[in-house]
Amino acid sequence: MAKYHLRLAHLYGNLLNTYSDVGNIIALRYYAKQMDADIAVKIISIGDDFDPDDFDLALFGGGQDYEQLVVSRDLPNKKAGIAKFINAGKPLLAICGGYQLLGHYYVGANGEKIPGLGILDHYTLSQDNNRFIGNITIKNPTTGQEYHGFENHNGRTFLGKGEKPLGIVIKGHGNNGEDHTEGAIYKATYCSYFHGPILTRNGEIAKTLLLRALKNRYPHDDFSQQEALKIKPTF
Ligand code: GLN
């Protein structure tokens, strides 16, 4: 029995899960075990209530435009809860479609404008007859860490106020193919176009999310041992 217990909301996990984004949960559990923590997972989908007080972590995965459209119609019901979760500094990992939907809007490949939550200040445009596909390497300007992944998106995202990029592109396209940024960080919300899934190849991001969740949930405990852990990728 683990010492620490974390609760993860998998937002629209039955609709947004392209390219094995669910593998991020497997990776989180793998690393959590090394930190003496377990994770209970609940899918929060269309029509469900989302109470931010019930969760310590959240995952918002990627999807095709059709699923994103379906999800976008349900988002207004969860906007207040997700905003509270994010602004309380609780860790959320948003990948591709989920990343786009946290911003103001997303223009799909057919030109349709899909409204997002507008909690983060980015917006996403489409591009004609092209997708950004392939392996990608970025470097986080603050930590100096390098992250590796695989991107596959039509959307071109432009960051807004208060958002820092997850990394600067070394190889690949990133947010929009123009400004060399990839992903976004806002409080403890980490956004990225990386599939792969991102956390299996970039254990340090998993560790950051887990430490944040543990410190939020158990504010009186000392996590220096977990902090010092050398996290190894799962492969
Ligand atoms: N449909 C979006 C795009 O193509 C998101 C894709 C994804 O989540 N992989 O940009």
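Up top is the structure these notes are about.
Parameters and conventions
- Residues numbered from 1 in each chain as written.
- Predicted model: local features only at pLDDT ≥ 70, side-chain atom pairs only at ≥ 80, totals over all residues.
- Heavy atoms only, no water.
- Helix = DSSP H or I, 4+ residues; strand = E, 2+ residues; numbered from the N terminus.
- Rg over C-alpha atoms; globule rule 2.2 N^0.38 Å.
- Buried < 20%, exposed > 50% of the residue type's maximum accessible area, 1.4 Å probe, protein only.
- Contact = heavy atoms within 4.5 Å.
- Areas by Shrake-Rupley, 256 points an atom, 1.4 Å probe, with all protein chains shown as cover.
- Near = heavy atom within 4 Å.
- Polar contact = N/O pair within 3.5 Å; in protein donor to acceptor, adjacent residues only side chain to side chain.
- Nonpolar A, V, L, I, M, F, W, Y, C, P; charged D, E, K, R; others polar.
- Pairing = 2+ DSSP bridges.
- Axes fitted to C-alpha atoms, helices over the stretch in contact; angles between N-to-C directions.
- Phe/Tyr/Trp six-rings, centres within 6.5 Å; stacked < 30°, edge-to-face > 60°.
- Core = buried A, V, L, I, M, F, W, Y, C linked by side-chain atoms within 4.5 Å.
- Salt bridge = Lys/Arg side-chain N within 4 Å of Asp/Glu carboxyl O.

**Considerations on the overall build of the protein chain**
- When helices and strands are counted, the protein chain shows six helices and 14 strands.
- The C-alpha atoms of the protein chain give 17 Å as radius of gyration, which agrees with the globular expectation for 235 residues (18 Å, within 12%).
- Principal-axis analysis of the C-alpha atoms gives the protein chain an extent of 50 × 40 × 30 Å.
- Taking all 235 residues of the protein chain together, the buried fraction comes to 55%.
- Counted over contacts in the protein chain with a minimum sequence separation of 6, partners at least 24 positions apart contribute 69%.
- As displayed, the protein chain has an accessible area near 10,400 Å², and 51% of this comes from carbon and sulfur atoms.

**Section: the site of the ligand**
- Inspection of the region around the ligand gives 16 residues, with Gly63, Asp65, Gln68, Cys96 and Gly155 positioned closest.
- Measuring from a nitrogen atom of the ligand, one finds a side-chain N or O atom of glutamine 68 at 2.8 Å.
- With respect to the ligand, the side chain of histidine 195 contributes an N or O atom lying 3.0 Å from a nitrogen atom.
- Look at the ligand: alone it shows 300 Å² of surface, and the protein chains cover 97% of it.
- Mapped by element, the contributors of at least two residues to the shell around the ligand are α2 (65–87), α3 (97–102) and β9 (146–153).
- Of the residues belonging to the shell around the ligand, the class tally is three nonpolar, 11 polar and two charged.

**Observations concerning the sheet that holds strand β1 (residues 4–11)**
- The six strands are arranged β2-β1-β3-β4-β14-β13 in an open sheet whose pairing can be described as mixed. The open sheet has two edge strands with one neighbour each: β2 (37–44) and β13 (184–186). Averaged over all pairs of adjacent strands, the angle between strand axes in this sheet comes to 15 degrees, irrespective of strand direction.
- Pairing analysis gives four bridges linking strand β4 (residues 92–95) to strand β14 (residues 189–192), with the strands arranged parallel. Pairing of alanine 94 across the sheet is with cysteine 191, part of β14.
- Here helix α5 (residues 203–217) sits on the sheet in contact with β1, β2, β3 (57–60), β4 and β14, set at roughly 115 degrees to β1.

**What to know about the packing of aromatic side chains**
- Counting across every chain of the model gives nine aromatic pairs.
- Summarising the aromatic geometry, the rings of tyrosine 4 and phenylalanine 223 are spaced 5.0 Å apart at their centres and angled 50 degrees between planes, so their arrangement reads as tilted. Here tyrosine 4, found in strand β1, pairs with phenylalanine 223, found in the loop between α5 and α6 (224–228); they are 219 residues apart in sequence, far enough to count as distant.
- Assessed through its relative accessible area of 4%, tyrosine 4 is described here as buried.
- Classification of phenylalanine 223 as buried rests on a relative accessible area of 3%.
- With a centroid separation of 5.7 Å and an interplanar angle of 15 degrees, the aromatic rings of phenylalanine 50 and phenylalanine 55 are classed as stacked.
- Among the residues examined, phenylalanine 50 registers a relative accessible area of 10% and is labelled buried.
- Classification of phenylalanine 55 as buried rests on a relative accessible area of 6%.
- Among the aromatic residues, ring-to-ring pairing joins Tyr4, Tyr218 and Phe223 into one connected group.

**Remarks on the nonpolar core**
- Core analysis: the largest hydrophobic core is formed by 65 residues, its most contacted members being Leu11, Phe60, Ile82, Leu92, Leu102, Leu199 and Leu210.
- When residues of this core are assigned to their parent elements, the largest contribution, seven residues, is made by α5.
- When neighbours within four sequence positions are excluded, leucine 92 is seen to be in contact with Leu11, Ala58, Phe60, Ile82, Phe85, Ile86, Leu102, Ala188, Thr189, Tyr190 and Leu209.

**Description of the sheet that holds strand β8 (residues 132–139)**
- Read from one edge of the open sheet, four strands run β9-β8-β11-β12, paired in antiparallel fashion. Either end of the sheet is taken by a strand with one partner, and the two such strands are β9 and β12 (181–182).
- Direction of pairing for β8 relative to β9: antiparallel, over a ladder of eight bridges. For lysine 139, the partnering residue across the bridge sits in β9 and is glutamate 146.

**What to know about the pattern of salt bridges**
- Per the stated rule, a full pass over the model turns up seven salt bridges.
- The shortest N-O distance in the salt bridge between aspartate 56 and arginine 7 comes to 3.0 Å. Of this pair, aspartate 56 sits in the loop between β2 and β3 while arginine 7 sits in strand β1, and the two are 49 residues apart along the sequence.

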